[in-house]
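Geometric and topological summary
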Amino acid sequence: MKKTVLIILLGFSFYGFSQEVKYGVRGGYTISNLDFEGTPTMDNKHRNSIYIGFFGDIRFSKTVSLVPELQFSAEGAKVEAYHLDYIQAPVLFKFRLSEKIRFALGPQVGLKVNKVDDAAKNMGYSGVAGIEYKLSHMLFADLRYTYGITNVFDDYLPFEAKNTNIQIGIGYKF
């Protein structure tokens with residue numbers, strides 16, 4: 001009896017790990033800004049730039065998948081002193097809403113890569129929500145909103161700000 005239960009459990013575990021996995025690239029346009037608490041210390045205009053990255057799409061079922069990514073995203077505010085460029089690792093759960101539309105939700109961690117000793121923290125943590133529209137079997141368009149969970153500036157500064165970001169782009173699955 002124990003052997004039968006063990007064989008059944010092993011069968012389910014192999015079934016669970018043998019799900020479909022696709023890889024791809026995505027990139028596009030990003031609109032970023034710093035959301036200051038209180039009145040900002042400067043003229044707070046958004047920064048327009050780019051993002052580019054790659055991902056793996058691990059399908060658990062027809063409706064749910066896990067999508068880990070690695071991407072470069074130029075963020076922050078328009079003022080050069082507040083440019084914050086990150087290598088980011090979002091981990092999204094995607095839910096299929098219809099044949100062509102999927103909704104994404106998950107956390108993201110980012111490592112600042114462009115400057116040192118600029119009064120901004122080297123790590124950023126965010127929440128991500130997005131929607132994806134399937135254009136063809138391999139091509140899709142997506143729209144994401146990212147809101148920073150933590151203050152982007154060092155703790156000794158008298159002001160706080162969180163990074164907000166909109167990504168509009170296109171992706172390709174191999």
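Residues numbered from 1 in each chain as written. Predicted model: local features only at pLDDT ≥ 70, side-chain atom pairs only at ≥ 80, totals over all residues. Heavy atoms only, no water.

**Some details on the nonpolar core**
By size, the foremost hydrophobic cluster in this structure holds eleven residues: L34, F36, A77, Y82, L84, Y86, A120, V152, F153, F159 and A161. Those elements that provide at least two residues to this core are β1 (21-36) and β4 (83-96). The residues touching Y86, leaving out its near neighbours within four places in the chain, are Q71, F72, S73, E75, G110, L111, K112, V113, G124, V152 and N163. (Core = buried A, V, L, I, M, F, W, Y, C linked by side-chain atoms within 4.5 Å. Buried < 20%, exposed > 50% of the residue type's maximum accessible area, 1.4 Å probe, protein only. Helix = DSSP H or I, 4+ residues; strand = E, 2+ residues; numbered from the N terminus. Contact = heavy atoms within 4.5 Å.)

**Some details on the packing of aromatic side chains**
A full pass over the atoms with the stated rule returns seven aromatic pairs. Aromatic pair F36 and F159: ring centres 6.0 Å apart, planes at 55°, arrangement tilted. With F36 in strand β1 and F159 in the loop between β7 (139-148) and β8 (161-173), this pair connects stretches of sequence that are 123 residues apart. Using a relative accessible area of 17% as the deciding quantity, one classes F159 as buried. What links up through ring pairs into an aromatic cluster is the set F36, Y82, F153 and F159. Taking NZ or CZ as reference, K94 lies 5.7 Å from the ring centre of F140, over its face. (Phe/Tyr/Trp six-rings, centres within 6.5 Å; stacked < 30°, edge-to-face > 60°. Lys NZ or Arg CZ within 6 Å of the ring centre and 35° of its normal.)

**Digging into the side chain of R47**
Tracing the backbone through its elements, the reader meets R47 in strand β2 (residues 47-59). A distance of 2.9 Å separates a polar atom in the side chain of R47 from a polar atom in the side chain of D85. Setting aside chain neighbours within four positions, we find R47 in contact with T30, I31, S32, A74, E75, G76, A77, K78, H83, L84 and D85. (Polar contact = N/O pair within 3.5 Å; in protein donor to acceptor, adjacent residues only side chain to side chain.)

Honestly, that's just the spatial picture; any functional story needs more than this.
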